[in-house]
Amino acid sequence: MKEQKTMIEQISKIINSHSIVPIESIPNIDLYMDQVTTLIETSLSGCKRNKNDKILTKTMINNYAKAKIFPPPQKKKYTKNHIMLLIMIYHLKSILSITDIYHLFKPVTEELTKNADSPLLEMIYRDFVTLQQQNEKNITSILENNYMEYTQSLPECHKYENELIQNIIVVLQLVIQANTEKRIAEKILDAHFSMKKS
């Protein structure tokens, strides 16, 4: 597991160094669509699996606006609030459906529609960044603890010497954990967000 721990630590550092966007890095001026896509593309470059992947396209952003996941841009310009929402949407969209994201952010967008200067979104975004930073610190120790528990306390599990096979187990462990956490998130959405009338 030592090699896997080092590998996970390195991957986590690379991903998080290019996927955590502190609020201070988001401009306080309104931006046009091309500026928004460039900012997000640069800020989240570490999230790309392949060099040619796109983080957020104009079409995606337009679809999120049509789905009312965030307030419409004013005179084709996007505010800091839009950027914060788009960054969180990017991180959520691989786990949650657009409908789930809509329901999740609906209370926030309703607040922003009533009061564009509301501090609510900024507070949520700051907590989002803190959670990302905490996850970066904890992920390798969580995985190591899970792996140690798996290899030491579950007699029915095999002990593999082959590093490639150990990597298969680590990927399975990550996917099982991600799937479980996704299902928990969906159950919370179903219980507290989705059932409320749109």
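Notes on the structure in this doc start here. Given the structure is predicted, the values throughout are model-derived calculations rather than measurements. (Residues numbered from 1 in each chain as written. Predicted model: local features only at pLDDT ≥ 70, side-chain atom pairs only at ≥ 80, totals over all residues. Heavy atoms only, no water.)

Side note on the packing of helix α4 (residues 80-92) against helix α5 (residues 98-114)
Now for step 1: The contact between α4 and α5 brings their axes to 12 Å, and the two run at 170°. Taken as axis vectors, α4 and α5 run roughly antiparallel relative to one another. Contact residues: N81, L85, M88, I89 and L92 in α4; I101, L104, F105, T109 and L112 in α5. (Axes fitted to C-alpha atoms, helices over the stretch in contact; angles between N-to-C directions. Helix = DSSP H or I, 4+ residues; strand = E, 2+ residues; numbered from the N terminus. Parallel < 35°, antiparallel > 145°, perpendicular 65-115°, else oblique. Contact = heavy atoms within 4.5 Å.)

Concerning unusual backbone geometry
Now for step 1: Here the phi dihedral of K68 falls at roughly 60°; this positive angle occurs in a residue that is not glycine.
Now for step 2: Examined against the element boundaries, K68 turns out to sit in the loop between α3 (58-66) and β2 (77-78).
Now for step 3: The class for K68 is exposed, based on a relative accessible area of 59%.
Now for step 4: Positive phi, close to 50°, is recorded for K75, a residue that is not glycine.
Now for step 5: By the element assignment, K75 lies in the loop between α3 and β2.
Now for step 6: In this structure K75 comes out as exposed when scored by relative accessible area, which is 79%. (Buried < 20%, exposed > 50% of the residue type's maximum accessible area, 1.4 Å probe, protein only.)

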